[in-house]
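Fold and geometry: a report
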Amino acid sequence: MKLPDAKEMRELDQSAINDFHIPGIVLMENAGVGTVQMMMEELGSPANSFALIFIGPGNNGGDGLVIGRHLHQYGCKPIFFFLVDPESLQGDAAANMKIVRKLRLPFHIIDSESRVQTLPVLYKQFVSRGIPCYAIVDALFGTGLSRPLTGHFAETIHFINSSDSVRGLPVISVDIPSGMDSDNGKIQGICLRADYTATYGCAQPGHVMHHGPEFSGKIKVIDIGIPPECMEKAKVTTELLDKETVSNLLKPLKRVENVHKGSHGHLAVLAGSLGKTGAAALAVKSALRTGTGLVSLFAPKELNSIYEGLVIEAMTIPLPASATCLTVNDLAFIKKNLGGKKAIILGPGIGTDQATADLVLDLYKSIHQPMVIDADALNILALHRESLPVAAGPRIFTPHPGEMARLIGRSIEEIQDNRVQAARTGCDMYSKDRKDCIMVLKGAGTIITSSAGLTYINTSGNPGMATGGMGDVLTGIIAGLLCQGLDYEEASAAGVYLHGMAGDSLFDKVGFGYSASELEDSIPHSIAELLKANGQ
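Here's what I pulled together on the structure shown here.

What counts, and at which threshold
Residues numbered from 1 in each chain as written. Predicted model: local features only at pLDDT ≥ 70, side-chain atom pairs only at ≥ 80, totals over all residues. Heavy atoms only, no water. Pairing = 2+ DSSP bridges. Helix = DSSP H or I, 4+ residues; strand = E, 2+ residues; numbered from the N terminus. Axes fitted to C-alpha atoms, helices over the stretch in contact; angles between N-to-C directions. Contact = heavy atoms within 4.5 Å. Buried < 20%, exposed > 50% of the residue type's maximum accessible area, 1.4 Å probe, protein only. Parallel < 35°, antiparallel > 145°, perpendicular 65-115°, else oblique. Left-handed = near helix turned anticlockwise from the far one by under 90°. Nonpolar A, V, L, I, M, F, W, Y, C, P; charged D, E, K, R; others polar. Expected span 1.5 Å × (residues − 1). Right-handed = clockwise from strand over helix to strand, strands pointing away. Core = buried A, V, L, I, M, F, W, Y, C linked by side-chain atoms within 4.5 Å. Phe/Tyr/Trp six-rings, centres within 6.5 Å; stacked < 30°, edge-to-face > 60°. Lys NZ or Arg CZ within 6 Å of the ring centre and 35° of its normal.

**Some thoughts on the sheet that holds strand 1 (residues 49–55)**
- Pairing in this open sheet of seven strands is parallel, and the strands run 3-2-1-4-5-6-7 from one edge to the other. The two strands at the open ends of the sheet, each matched to only one other strand, are strand 3 (107–109) and strand 7 (218–222). Shown here is a sheet whose adjacent strand axes are inclined to one another by a mean of 20°, direction ignored.
- Sheet analysis places strand 5 (residues 171–174) next to strand 6 (residues 196–200), joined by three bridges and oriented parallel. Counterpart to Ser 173 in the pairing with strand 6 is Thr 197.
- The strands that helix 3 (residues 58–73) touches are strand 1, strand 2 (76–82), strand 4 (133–139), strand 5 and strand 6; relative to strand 2, the one it contacts most, it runs at about 160°.

**So, the sheet that holds strand 11 (residues 315–319)**
- Spatial strand order, 8-17-16-15-14-13-12-9-10-11: ten strands in an open sheet with mixed pairing. Two strands in the sheet have a free side with no partner beyond their single neighbour: strand 8 (238–241) and strand 11. Sheet twist, expressed as the mean angle between neighbouring strand axes with direction ignored, is 20°.
- Seen against the sheet, helix 12 (residues 277–290) touches strand 9 (266–270), strand 10 (294–300) and strand 12 (343–346) and runs at an angle of roughly 170° to strand 10.

**Focus on the environment of Glu 413**
- By the secondary structure assignment, Glu 413 is in helix 18 (residues 412–417).
- Take Glu 413: its relative accessible area is 55%, and that puts it in the exposed class.
- C-alpha separation for the pair Glu 413 and Pro 401, spaced twelve residues apart in sequence, amounts to 8.8 Å.

**A short note on unusual backbone geometry**
- Even without glycine at this site, Arg 104 takes up a positive phi of about 55°.
- With respect to the helices and strands, Arg 104 occurs in the loop between helix 4 (91–102) and strand 3.
- A relative accessible area of 75% places Arg 104 in the exposed class.
- Residue Lys 235 is not a glycine yet carries a positive backbone phi of 55°.
- For Lys 235, the position within the fold is in the loop between helix 10 (228–234) and strand 8.

**So, the packing of helix 12 against helix 20 (residues 470–483)**
- Closest axis-to-axis distance for the helix 12/helix 20 pair is 7 Å, and the angle between their directions is 40°. As far as their axial angle goes, helix 20 and helix 12 are oblique. The element helix 12 and its partner helix 20 pack so that their crossing is right-handed. Residues Ala 279, Leu 282, Ala 283, Ser 286, Ala 287 and Thr 290 of helix 12 form the contact with helix 20, whose participating residues are Asp 472, Val 473, Gly 476, Ile 477, Gly 480 and Leu 481.
- The class makeup of the residues in the contact of helix 12 with helix 20 is seven nonpolar, four polar and one charged.

**A word on helix 15 (residues 354–366)**
- Here helix 15 spans 18 Å end to end across 13 residues, near enough to the 18 Å set by a 1.5 Å rise per residue.
- Taken residue by residue, helix 15 has Thr 356, Ala 357, Leu 359, Val 360, Leu 361, Asp 362, Leu 363 and Tyr 364 as its buried positions.

**A closer look at the pairing of strand 12**
- Because side chains alternate across strand 12, one face comprises the buried residues Ala 343 and Ile 345, and the other comprises Ile 344 and Leu 346, equally buried.
- As paired elements, strand 9 and strand 12 share four bridges and run parallel to each other. By the bridge assignment for strand 12, Leu 267 is matched with Ala 343.
- A crossover connection joins strand 12 to the parallel strand 13 (residues 371–373) through helix 15; in handedness this β-α-β unit is right-handed.

**Concerning the nonpolar core**
- Met 39, Leu 52, Phe 54, Leu 71 and Phe 81 are the most contacted members of the largest nonpolar core, which has 65 residues in total.
- Setting aside residues up to four positions removed in sequence, Phe 54 forms contacts with Phe 81, Leu 83, Leu 119, Ile 136, Val 137, Asp 138, Ala 139, Leu 140, Thr 156, Phe 159 and Ile 160.
- With 56 residues, the next largest nonpolar core counts Ile 478, Tyr 497, Ala 516 and Leu 530 among its residues.

**Observations concerning the packing of aromatic side chains**
- The full count for this structure, using the stated rule, is nine aromatic pairs.
- Ring centres 6.4 Å apart and planes at 40° place the aromatic pair Phe 80 and Phe 82 in the tilted group.
- Phe 82 gets classed as buried once you look at its relative accessible area, which sits at 0%.
- Through a chain of ring-to-ring contacts, three or more aromatic side chains come together here, namely Phe 50, Phe 54, Phe 81, Tyr 123 and Phe 126.
- A cation over a ring is seen here: Arg 395 above Tyr 364, with NZ or CZ 5.5 Å from the ring centre.

Okay, structure coming up:
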């Protein structure tokens, strides 16, 4: 599912109007009709009830007027509350206001904080007439809001969210809950809390990022008649990463009868050090649980016996010149043994000693195989970002927000304020014009962005995954998918979703408290479910 930002959404609307001569008032009518249909599907018939419809400026308010008209058609009495002067409405919204006047539908003007205080009294008067309230419709502000709400706008939202008089009534937002930035899900001062959101043509990034899922409620995308040709012309590059998308990405994992371990790739793992052997073990095991045919772990010689007991299905390659951590002293030996490996993991638990850093920097610039880079390797690259050469092959970075902050020289707060932009900035900075750089910004709603231009926002995962080792498991999953034939974009996107899906299966059973090693044991079941969803 495409996720256009506010600017791209305006371009889609204008393309429908100007390129295909679909009048804006037709799009508005379709939006209102579709919203009422959604309301009846979710709430039942509106007959013999009333609805409170809050109208703001612009086309969002016009959508609310259409919704009210069509509720009226089904026997519901719409009561409009204008937070702007009705005479100030323009264009299609003004045209719908004329219809509302002709129908003599009731409305009130709430244009000051003192008038907001009359809302509880007005509501009690409506209820006293003996009919129930069907719903509250939020048609105040849509996708173009870019400032904090104040004054009577903020007070009205506070009334809908918190007043005892309307507590428990279903709230439907038009396009996006008023007070939310549609590009990133950030709250602009105060935000209306909806039970349902009817969004038109496409969902937006804000619906699935930051506070979007919490405040949007159940989201329904309403087809308002924007031709698919408009989407193709707009070249929207942000997409929602969901089960259907990932099921299609995982098609190469379907296996035929006459395969063997060599058919599913050989992975090299450069991870772990004294005190952090678990990071390497988790990455190795998750790659195996994802279906990798062979895994070889480069082991500092004093840690080899530990690894042989931890990861019995993998092979170890003892390093002759490195005792307790990976060092540049074994560079030639490592390069020789990387031959024939389909992908490489670099970073989990390796430490940041200078000899380790020198190894990381050399491998980064000289190895042509796809490389999944995590943890300490990211921190080493961040320290050298100004002088870092062009990578020799595809590189997948998997930072959490703190690591991303170091990679691009920003604060964690700046990263979290605009996660999509942060991931794109990192991709631009480290790709150095290559088209095979991926940035995976971990966290709620993980962002996967490619230097080729595509960005995904993930929908799987849960708070129970906020525990040590989860990043090591993700690294192993992505690398395992690379070994089995997915390209770097496909492996990154599918790996992130699969990682979250495996966590979701545990969260549904036990809540929080499960470990990273338990999650990796859920990977095969999640893969099977995704392949089954695709008819495999």
